[in-house]
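Chains, contacts and geometry: an overview
Residue strings, one per chain:
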Amino acid sequence: MQVLVAGATGNTGRRVVEKLQRLGHHPIALIREGSDTSTLPRGTTTRHGDLTDLPAAACDGCDSVVFAAGSGGDTSAEMTDKVDRDGAKALIDLAKHAGVSKFVMLSSIGADDPDPDSDLAHYLQAKHDADEHLMRSGLDYAILRPVRLTDGEGNGDMLFGNEVDPGGVAARGDVAAALAEAVSNPAWTGRTMRMQSL
């Protein structure tokens, strides 16, 4: 499958690209002008596009999309809205227009019911709004809501669903593996799953 990966040069996104390749897919990294592509696997196809100003053809020719982008924890509320909410919603709309078969979203635990008193309240609300837009889009989708991310590769041992410990951790390598798996595994379709590494 031709899979567009938003956030492909990020800590999680580059792992998604690698794991999609291992599964036999053809990832296409959506990158901004001037992005450092040196961490991407050799031979990765790239496509230029900024989530704050996406080209109309961003999803053309793609079978699936993985949204693994994020504005980062130190960005302003305005940038969080532009990337995590508005950018995601725009990419969903373009994916639908392009006839993409599945949209896989990296969300966050707590995005189902954002706590207004949380330090991450604005971020979680942006993720919530994007998730809701995806669920209403008519696209086949999968939404992954991991607990706190770590930079580890993980060992592939993961827990999903309501038994997940909100205080646990999720290795980025495990998160990437789950996102890549969700692209073509029909068991993920239409599901929103909490996730942690064990």
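Each remark here, short or long, concerns the structure printed above.
My aim in this report is to walk through the structure given alongside it, one point at a time. (Residues numbered from 1 in each chain as written. Predicted model: local features only at pLDDT ≥ 70, side-chain atom pairs only at ≥ 80, totals over all residues. Heavy atoms only, no water.)

1. Examining the nonpolar core
The criterion, for reference: In this text, buried Ala, Val, Leu, Ile, Met, Phe, Trp, Tyr and Cys residues form a nonpolar core when linked through side-chain atoms within 4.5 Å. Relative accessibility thresholds used throughout: buried, under 20% of the residue-type maximum; exposed, over 50%; partly exposed, between the two (1.4 Å probe, protein chains only). Starting at the N terminus, helices and strands are each numbered in turn, a helix being any DSSP run of H or I of at least four residues and a strand any DSSP run of E of at least two.
Within the largest apolar cluster, 29 residues are counted, with the highest numbers of intra-cluster contacts made by Val16, Val66 and Leu179. Sorting the residues of this core by element identifies strand E1 (2-6), helix H1 (13-22), strand E2 (26-31), strand E5 (102-106), strand E6 (140-146), helix H4 (172-184) and strand E10 (191-197) as the ones contributing at least two each. Among the elements that take part in this core, H4 stands out by supplying seven residues, more than any other. Counting residues in hydrophobic clusters, the runner-up holds 26 residues, among them Cys59, Cys62, Ala88 and Leu134.

2. Points about H1
Test applied: Residue contacts are defined here by distance: any two heavy atoms, one from each residue, within 4.5 Å place the two residues in contact.
Every buried residue of H1 is accounted for by Gly13, Arg15, Val16, Val17, Lys19 and Leu20. Packed against the buried residues of H1 are E1, E2, strand E4 (64-67) and H4. Gly24 lies just past H1 and shows a positive phi near 90 degrees.

3. A closer look at the packing of H1 against H4
Spelled out, the test is: Under this scheme, a helix contributes an axis fitted over its contacting stretch, all axes are lines through C-alpha atoms, and angles between N-to-C directions fall in the 0 to 180 degree range. These descriptions rest on fixed angle ranges, namely under 35 degrees for roughly parallel, over 145 for roughly antiparallel, 65 to 115 for roughly perpendicular, and the rest for oblique. Crossing handedness is defined as follows: a turn of the near helix away from the far one that is anticlockwise and smaller than a right angle gives a left-handed crossing, while the clockwise case is right-handed. When residues are sorted by character, Ala, Val, Leu, Ile, Met, Phe, Trp, Tyr, Cys and Pro go into the nonpolar class, Asp, Glu, Lys and Arg into the charged class, and all the rest, Gly among them, into the polar class.
The interhelical angle for the contact between H1 and H4, taken along N-to-C directions, is 50 degrees, at an axis separation of 8 Å. The orientation of H1 with respect to H4, classified from their angle, is oblique. The way H1 lies across H4 gives a crossing that is right-handed. Residue-level inspection shows Arg15, Val16, Lys19 and Leu20 of H1 in contact with H4, the latter providing Arg172, Gly173, Ala176, Ala177, Leu179, Ala180 and Val183. Classifying every residue of the contact of H1 with H4 gives seven nonpolar, one polar and three charged.

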